[in-house]
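Now for the letters of each chain:
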Amino acid sequence: MSVLLIGTLDTKGTEFAYVRNRLVALGASVTVADAGVLGPPMFEPDISREVLFSLAGAKYELLKAGGDRGKAIALASEGAAKLAFELHRQGKLTGVLSLGGSAGTTIGTAAMRAVPIGVPKLMVSTLASGQVQPYVGTRDVMMMYSVVDISGLNRISRKVLDNAAAAMAGMINARLQVPNSPLEDKPIIAATMFGVTTPCVEASRKFLENAGYEVLVFHATGTGGRTMEGLIRDGLVAGVLDITTTELADELVGGVLSAGPDRLTAAAIARIPQVISVGALDMVNFGPPETVPEKYHTRRFYQHNPTVTLMRTTPDEMDELGKEIAQKASAAGGPTAIMLPLRGVSAIDAEGKSFWWPEADQALFQSIRNWIAPAVDVTELDLHINDPAFAAACVAKLLELLHPHTTDRVQQG
């Protein structure tokens, strides 16, 4: 098992050789892969660029002759991802480390995103102090700012690269020395939460932990939903308590916290038990008030804080959201249930609160009733989403789906 050190050895060969030597001095085994395309590598890699590009279905000599740098970067990224994935699958990978500017960061982080959460991933990048979402995605990629350009060794770059090598060596050594937590033997339940559904999810988490599960709670901020769906696709999740489906509203209306059109599909495809509710579908998220699109200025708003403006969803929007939830739930290959809190779907959607609009909520509920398949169990409760009894009912339903041939009791300890 070794650290995959991957990057362009034609333009950054000196720096990669330095980091390789530092890792070896710290006791790490290293596999160097070359992703360069311009000139010859400055030292001989363990995995050549010809092999790397072949993993992406490309011939290096033809690519070099074509002179298309953008295409070369895209293919190098694809090859890097396949290489890292395969090395991990074979049990030969302890971590991924890379260095670079925009091209190197694109290639290196593609490899990092291809391996599971928990595998150490460190990208030393000139871009690390800016917007890094495209590089990090939904993986645990660590971005280290290079401070100076990665162009030769000097008193600053050496310190940064020394720290990068030490950080990677420390992470891989810690993984080898620290035994797994007893929690890692427990099946995982994924749950979704927002500030306005916290009481429900916190109570649900405690019930599930008492029932012998480890609960991963994801903040429904777009990235959170995508991360959860990614872990489900990775096969790490036994069941889903999708209390807070608010990201669907942002995708529909154009808010800033969308998780994309594939939200609420991974559990259905994976055929794992899921309980779906309608938490925080009463709101769409924007930034400060001045960022709200002009076309929405006559709508109902709630200022959550100076940087977050919430907009109430209308009956028509709730009708569309209900149809989407029902259709996605109906297409699920595994046990699926929907839980509806008839007295409000968020902390500010309750009688006397800012977003209380019974007609809009009824449009959501009725749409789900209209479009849901008979095989999907829909439970309607005369409760608010944050009532403890609603949390208990959601957990009881999920345990029923997880263990259909036994009687499970929610222990409220």
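A.B. asks: Residue-level account of the overall build of the chain, with values.
C.D. replies: Check the secondary structure of the chain and you find 14 helices and 14 strands. Dimensions of the chain along its principal axes, counting C-alpha atoms only, are 70 × 55 × 40 Å. The buried share of the chain, taken over its 413 residues, is 52%. Across the chain, every contact between residues at least 6 apart in sequence was considered, and the portion connecting residues at least 24 apart equals 71%. Here the chain has roughly 18100 Å² of accessible surface; of this, 54% comes from carbon and sulfur atoms. Charge centroids of the chain, computed over 36 positive and 43 negative side chains, lie 7 Å from each other.

A.B. asks: An account of the layout of surface pockets is requested, with residue identities and associated values reported.
C.D. replies: Here the second largest pocket is characterised by a volume of approximately 250 Å³. Contributing to the lining of the second largest pocket are 17 residues, with Thr8, Thr11, Leu38, Arg69 and Ala103 lying nearest its centre. Broken down by secondary-structure element, the contributors of at least two residues to the lining of the second largest pocket are helix H4 (69–89) and helix H5 (102–113). Residue classes in the lining of the second largest pocket are distributed as eight nonpolar, six polar and three charged.

A.B. asks: Which residues make up the pairing of strand E6 (residues 188–193), and what are the values?
C.D. replies: With six of six residues buried, E6 is to be regarded as a mostly interior element. A two-sided burial pattern is seen for E6, the buried positions comprising Ile188, Ala190 and Thr192 on one face and Ile189, Ala191 and Met193 on the other. As judged from the six bridges shared by E6 and strand E7 (residues 214–219), these two strands associate in the parallel manner. Residue pairing for E7: Ile188 is matched across the bridge by Glu214. Crossover E6 to E7 through helix H8 (residues 198–210) is right-handed. Bridge count for E6 against strand E8 (residues 239–242) is three bridges, and the pairing is parallel. Residue pairing in the sheet places Ala191 in a bridge with Leu241 of E8.

A.B. asks: Let's hear about the side chain of Lys121: which residues, and what values?
C.D. replies: Relative to the elements of secondary structure, Lys121 occurs in strand E4 (residues 121–125). Overall, Lys121 belongs to the buried group, its relative accessible area being 1%. A polar contact of 2.5 Å, which involves the side chain of Lys121, links it to the side chain of Asp140. When neighbours within four sequence positions are excluded, Lys121 is seen to be in contact with Val96, Met112, Val115, Pro116, Arg139, Asp140, Val141, Met142 and Met168.

A.B. asks: Describe empty space enclosed by the protein, with residues and values.
C.D. replies: Per the stated rule, a full pass over the model turns up two cavities of 30 Å³ or more. Estimates place the volume of the largest cavity at around 40 Å³. Lining the largest cavity we find Glu15, Val124, Ser146, Val148, Asp149, Ile150, Gly152, Ser157, Val160 and Leu161. Taken together, the residues that form the lining of the largest cavity break down as five nonpolar, three polar and two charged. Lining the second largest cavity are Met228, Glu229, Ile232, Val240, Asp242, Arg263, Leu264, Thr265, Ala266, Ala267 and Gln274. Residue assignment for the lining of the second largest cavity shows that the elements contributing at least two residues are helix H9 (223–233), E8 and helix H11 (266–270). Taken together, the residues that form the lining of the second largest cavity break down as six nonpolar, two polar and three charged.

A.B. asks: Just give me the short version of the packing of H4 against H5, but keep the residues and values in it.
C.D. replies: As a packed pair, H4 and H5 sit with axes 7 Å apart at the nearest point and diverge in direction by 25°. For the element pair H4 / H5, the angle class is roughly parallel. In this structure, the crossing between H4 and H5 has a hand that is right-handed. Residues Arg69, Ile73, Ala76, Ser77, Ala80, Ala81 and Ala84 of H4 pack against Ala103, Thr106, Ile107, Ala110 and Ala111 of H5. Considered class by class, the residues forming the contact of H4 with H5 number nine nonpolar, two polar and one charged.

Calculation notes
- Residues numbered from 1 in each chain as written.
- Predicted model: local features only at pLDDT ≥ 70, side-chain atom pairs only at ≥ 80, totals over all residues.
- Heavy atoms only, no water.
- Helix = DSSP H or I, 4+ residues; strand = E, 2+ residues; numbered from the N terminus.
- Buried < 20%, exposed > 50% of the residue type's maximum accessible area, 1.4 Å probe, protein only.
- Contact = heavy atoms within 4.5 Å.
- Areas by Shrake-Rupley, 256 points an atom, 1.4 Å probe, with all protein chains shown as cover.
- Lys, Arg positive; Asp, Glu negative; His and termini not counted.
- Charge placed at Lys NZ, Arg CZ, Asp CG, Glu CD.
- 1 Å grid on protein atoms, 1.4 Å probe; cavity = no way out; pocket = protein on both sides within 12 Å on 5 of 7 lines; lining within 4 Å.
- Points joined across faces, edges and corners; volume = space filled by probe spheres on them.
- Nonpolar A, V, L, I, M, F, W, Y, C, P; charged D, E, K, R; others polar.
- Pairing = 2+ DSSP bridges.
- Right-handed = clockwise from strand over helix to strand, strands pointing away.
- Polar contact = N/O pair within 3.5 Å; in protein donor to acceptor, adjacent residues only side chain to side chain.
- Axes fitted to C-alpha atoms, helices over the stretch in contact; angles between N-to-C directions.
- Parallel < 35°, antiparallel > 145°, perpendicular 65-115°, else oblique.
- Left-handed = near helix turned anticlockwise from the far one by under 90°.

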